[in-house]
Amino acid sequence: MINQIDIASFGSFSGLDWKKTVRDNGKNVKTFQRLNILYGRNYSGKTTLSRVFRALETRNFPLNYVNPSFTVYGEKGNVTQAGLLTHNYDVRVYNHDFVTDNLSFLVNQQIGSEIKTFAIVGEQNKEIDDAIALIEVKLGGVEGKTGLRFDLEAKRKERDRTKTNHSTASNALEDKLRSHAADKIKKNRQYGMPVYTIEHIRRDIAATKKPGFVALTLEEQPGKLALLKQEALPDITGTLTIALQFDSLKDSAEPLLSKEITPTKPIQELLNDSVLQLWVKQGIGHHRDKRDTCAFCRQSLPHDIWQTLDQHFSKESGDLEMALDNVITSVKDEIAAIAGFVSLRGDQFYMEERSAFDTSSKALAEALGIYKKDLEALKKSLETRKINLFQSVALKPSLHDPKEVQKHVNAINVLIATNNGKTKTLEKDKTAARDALRLADVFAFADAITYDTELVRIVTLKTGADTAGKTYTDVEKDIRDAEAEIQTLKAKQKDERKGAERVNSLLSNFFGHDSIKLEARDGADKATVKFEITRNGKSAYNLSEGECSLIAFCYFIAKLDAPESKGRELIIYIDDPISSLDGNHIFFMFSLIESLIAKPIKNADGSNAYRYKQLFISTHNLDFLKYLKRLSIPKKKIPAGEGKTKSVDDHEHFMIERNGASSNILLMPSYLKDYVTEFHYLFHQIYKCKDQAAAQICHEPFFGFGNNLRKFLEAFLFFKYPYHDDRNDTYERIKKFFGEEEDTAIALVNRLNNEFSHLEAVPDRGFKPVEIPEIAKVANFVLDKIYAADSAQYNALLKSIGEPERTH
């Protein structure tokens, strides 16, 4: 069945949202039921709504409907304007478009217009019936748990189960991907991805699966993060150059250290004590040509002291000492120069080169430290020789490696070149760093959620769902093939002439039209049949609108017996079938619908079966609406608690109204739905006033009591006493009905009947409260009198307003 419908754009409907408009007292959403009565004035949108259902039937849109948009919700799935070709609803619609498509002659009564033929099953053929019966056994049924249809239901459940499992797993993985993409990647500014969707993260995961991909380690990631913060640095000018002077200094020092010299007249004490000899040597400069006494001991110096010392400290030793001082000075200068060999700083390099620079700089410093030790060893040897000029000194082997120093120099120069080139590629490097960091994040995420394992599981579930779906489709095809074979067999029983006879039978039996008939006549080729409308055996033209309506609707009803409709669970929509019909024909139209569509068929077990799956009837005519309230109401079972069920009515009433340019669907108000006529309504209002306590719950009937009572008595007593000498004397009718002996009660009725329904003569009545006890007393008096006069009529009135019968 169809439950509800949203119409964004379709003819006079625009923006119809069922759940917002079709509510019970604005609260509970109501839906279409098995039987649905729709009322609307002319031009309210009834035919437009029927055209939505007609589109489901024909699987095409009506002409001149621009950009239609709607969604029909039902048990067999939802249908949008894009799904007309694939839905599974069997719909049959009677509306103006049906008449135009099938009975164009009735629309344009000219030669050339036609009435399409249709066939219904003719005489029974046992052989064909037996073949159809065998196929029906093969098809079986869900309720009987046999055949293809039962098998299809099992396959459908398996298809839905496997499809749900696959969908659940797939959606769960997608939710994880979508969440990580949005919350972890997109919102992380370090990754620089303001737009990052599930498709992006899928591509990144695929990138991490390519050969050669290596994710950043935790130790590498801080360097990449630092690079992202790195600003462009100025180029480092020049290169690092270190020229070691050790070999040159060694070449100068070695001859001096090994040179052999002896004093002219050596002073043995000085030769034996180099410290003393140095002390004397240094003292010469403090005493020669300056003083005659020793500055240390204050003793007079010997007169030949200078001659003796000059013979010990010869010119050759003086020259050696001077040469040693020169070399020592050069060595000191080289030692001092080491500190300035490398003036570069780590902050001159970008982060990635800085680490390598620090490593090379440290290694170079260590190599230069060894070089410095060799220089200090050389200096010490020279100083040792200087202290003891007359004793040669052996030079120790050097430990530094000039090649090692140059290797580190070269490495730093390479870093300088790389660093200078980095400025030009900094933005590119930052992009690469962002990519590397993002891919490392994605790689860790995919590993955490076992992405590959999940993909394999989803593929397995998809295979299972596809297999179950194909199995379901195969069985469904078998059913379609079997049903098509049944239709082929039934087609062999078809008889177009029977279709015309069925229409004529309906016209005659329900409407008494024997003169107007639908004749099945041979076509020009004698092989086909055509339908023609005749009056008294002659071709009929200039048919009245009423005749056209009768023929068209009988044609529609008869066509429901055609093979493509008979026996199917049909959704039937009948749109305003009583156009231009008088009161008698309106009743006959109702009788036709009730007898051939709405009235249930009794099963062998006493339960009811229906000729329709769902029935919609719309009208603008209040008389027809009155009859429609008397249609057989289908029942349905609903849970009643404790595993029990109860039977309730399966029908609903709706109203279609138009406000401005747009149509809308609402629940039918109670004044239209609950009362067949105004007379029933008035009786109900009086009945509500028989108990004065009811005024505490609902006071409206009491305020309207006088007017309601007057109108009710006028109608009731007119039919009771249709003739009276003075037709305007309602009081005389009241006396005749209530009796002369009830003068007091009659007076009270007459007072309420007049004062409470008219304020013109007694304007102060409108400024006084309503006298509830008097009203209840009069209501009971009137009701009791009606019951006493005719209990059967009284109980019939009670039944019409849903109240229990009165027994005393």
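Residues numbered from 1 in each chain as written. Predicted model: local features only at pLDDT ≥ 70, side-chain atom pairs only at ≥ 80, totals over all residues. Heavy atoms only, no water.

Side note on the overall build of the protein
- Looking only at helices and strands, the protein has 28 helices and 21 strands in total.
- Considering the protein as a whole, with its 808 residues, one finds that 40% of them fall into the buried category.
- When contacts within the protein are restricted to residue pairs at least 6 apart in sequence, those whose partners lie at least 24 apart make up 70%.
- Looking at the protein as shown, the accessible area adds up to about 45000 Å², and 51% of this sits on carbon and sulfur atoms. (Helix = DSSP H or I, 4+ residues; strand = E, 2+ residues; numbered from the N terminus. Buried < 20%, exposed > 50% of the residue type's maximum accessible area, 1.4 Å probe, protein only. Contact = heavy atoms within 4.5 Å. Areas by Shrake-Rupley, 256 points an atom, 1.4 Å probe, with all protein chains shown as cover.)

Overview of the pattern of salt bridges
- Applying the stated rule across the entire model yields 38 salt bridges.
- A salt bridge links Asp 90 to Arg 568, with the shortest nitrogen-to-oxygen separation between them at 3.2 Å. With Asp 90 in the loop between strand S7 (79-80) and strand S8 (91-94) and Arg 568 in the loop between helix H18 (545-559) and strand S14 (571-575), the pair connects residues that are 478 residues apart, well separated along the chain.
- Exposure remark for Asp 90: the relative accessible area of 23% places this residue in the partly exposed category.
- Residue classification places Arg 568 among the partly exposed positions, given a relative accessible area of 33%.
- With a shortest N-O distance of 3.6 Å, Glu 476 and Arg 480 are connected by a salt bridge. Of this pair, Glu 476 and Arg 480 both sit in helix H16 (residues 451-491), separated by four residues, roughly a single helical turn.
- By relative accessible area, Glu 476 is classed as partly exposed at 23%. (Salt bridge = Lys/Arg side-chain N within 4 Å of Asp/Glu carboxyl O.)

Looking at unusual backbone geometry
- A positive phi angle is found at Arg 59, which is not glycine, with a value near 60°.
- Mapped onto the fold, Arg 59 is located in the loop between helix H2 (46-58) and strand S6 (69-74).
- Classification of Arg 59 as partly exposed rests on a relative accessible area of 27%.
- Positive phi, normally seen in glycine, also occurs at Lys 145, with a value near 60°.
- Along the chain, the position of Lys 145 falls in the loop between helix H5 (126-139) and helix H6 (147-186).
- What makes Lys 145 exposed here is its relative accessible area of 60%.

Overview of the side chain of Asp 374
- Here Asp 374 is to be found in helix H14 (residues 351-387).
- Those residues in contact with Asp 374 that lie beyond four places of it in its chain are Phe 246, Ser 398, Leu 399 and His 400.

Quick word on the pairing of strand S1 (residues 2-10)
- Bridge count between S1 and S6: six bridges; the pairing is antiparallel. Along S6, the bridge assignment pairs Ile 7 with Phe 70. (Pairing = 2+ DSSP bridges.)

Description of the packing of aromatic side chains
- Summed over all chains, the structure comprises 32 aromatic pairs.
- Their ring planes at 70° and their centres at 5.1 Å tell us that Phe 32 and Phe 654 sit as a pair that is edge-to-face. Within this pair, whereas Phe 32 is found in the loop between strand S4 (28-29) and strand S5 (35-39), its partner Phe 654 is found in strand S20 (residues 651-659), the two being separated by 622 residues in sequence.
- Phe 654 gets classed as buried once you look at its relative accessible area, which sits at 0%.
- A connected cluster of aromatic rings, assembled from ring pairs, spans Phe 679, Phe 683, Tyr 687, Phe 712, Phe 716, Phe 737, Tyr 787 and Tyr 794.
- Geometry around Tyr 472 places Arg 159 over its ring, the cationic atom sitting 4.1 Å from the centre.
- The aromatic ring of Tyr 627 is capped on one face by Lys 626, whose charged end is 5.3 Å from the ring centroid. (Phe/Tyr/Trp six-rings, centres within 6.5 Å; stacked < 30°, edge-to-face > 60°. Lys NZ or Arg CZ within 6 Å of the ring centre and 35° of its normal.)

Remarks on the packing of helix H22 (residues 678-688) against helix H24 (residues 705-720)
- Running from N to C, H22 and H24 point in directions that differ by 130°, and their axes come no closer than 9 Å. Here H22 lies oblique to H24, going by the angle between them. Crossing geometry of H22 relative to H24 is assigned as left-handed. Along its contact with H22, which presents Glu 678, Phe 679, Leu 682, Phe 683, Gln 685 and Ile 686, the element H24 presents Phe 705, Asn 708, Leu 709, Lys 711, Phe 712, Ala 715 and Phe 716. (Axes fitted to C-alpha atoms, helices over the stretch in contact; angles between N-to-C directions. Parallel < 35°, antiparallel > 145°, perpendicular 65-115°, else oblique. Left-handed = near helix turned anticlockwise from the far one by under 90°.)

Section: helix H7 (residues 198-208)
- Those residues of H7 lying buried are Ile 198, Ile 201, Asp 204, Ile 205 and Thr 208. Here the buried residues of H7 occupy an arc of 120° about the axis, which is enough to place them on one side. (Arc of directions from axis to C-beta.)

Some thoughts on the packing of H6 against H7
- Contact geometry of H6 with H7 gives a least axis separation of 8 Å together with a crossing angle of 95°. Taken together, H6 and H7 sit at an angle that is classed as roughly perpendicular. Contacts between H6 and H7 pair Glu 174, Leu 177, Arg 178, His 180 and Ala 181 from the former with Ile 198, Ile 201, Arg 202 and Ile 205 from the latter.
- For the contact of H6 with H7, a count of residues per class yields five nonpolar, one polar and three charged. (Nonpolar A, V, L, I, M, F, W, Y, C, P; charged D, E, K, R; others polar.)

Concerning the sheet that holds strand S11 (residues 516-522)
- If you trace the three strands from one edge of the open sheet to the other, you get S11-S12-S13, paired in antiparallel fashion. Each edge of the open sheet is held by one strand with a lone partner, namely S11 and strand S13 (538-539).
- As paired strands, strand S12 (residues 529-535) and S13 are joined by two bridges and run antiparallel to one another. Across the sheet, Thr 534 pairs through a bridge with Ser 539, a residue of S13.

Considerations on the pairing of S20
- Examined bridge by bridge, S5 and S20 share five bridges and lie parallel to one another. Residue pairing across strands places Leu 35 opposite His 651, the latter belonging to S20.
- Both S20 and strand S21 (residues 662-667) contribute to a ladder of six bridges, which runs antiparallel. Residue pairing in the sheet places Phe 654 in a bridge with Leu 667 of S21.
- Between the antiparallel neighbours S20 and S21 lie two residues, among them Gly 660 with a positive phi of about 70°.

Focus on the nonpolar core
- Membership of the largest hydrophobic core comes to 56 residues, with the highest contact counts inside it found for Leu 106, Ile 533 and Ile 574.
- At ten residues, H18 tops the list of elements feeding residues into this core.
- Excluding residues that lie within four positions of it along the chain, Ile 574 makes contacts with Tyr 94, Phe 553, Phe 556, Ile 593, Ile 597, Leu 615, Phe 616, Ile 617 and Ser 618.
- Ile 261, Phe 341, Leu 375 and Leu 378 belong to the second-largest nonpolar core, a separate cluster that totals 35 residues. (Core = buried A, V, L, I, M, F, W, Y, C linked by side-chain atoms within 4.5 Å.)

Quick look at the confidence of the model for the protein
- On average, residues of the protein carry a pLDDT of 83, and 85% of them reach 70 or more.
- Contacts of residues 758-770 to residues separated by more than four positions or lying in other chains number twelve contacts, the stretch itself having pLDDT below 50. (pLDDT = per-residue confidence, 0-100.)

With respect to the environment of Ala 482
- Note that Ala 482 resides in helix H16.
- Put simply, Ala 482 and Lys 138 are 344 residues apart on the chain and 8.3 Å apart in space, counted from C-alpha to C-alpha.
- Here Ala 482 is in contact with Ile 135 and Leu 139, once residues within four sequence places are set aside.

What to know about the environment of Asp 478
- As for its placement among the helices and strands, Asp 478 is situated in helix H16.
- Residue classification places Asp 478 among the partly exposed positions, given a relative accessible area of 36%.
- Put simply, Asp 478 and Arg 149 are 329 residues apart on the chain and 9.7 Å apart in space, counted from C-alpha to C-alpha.

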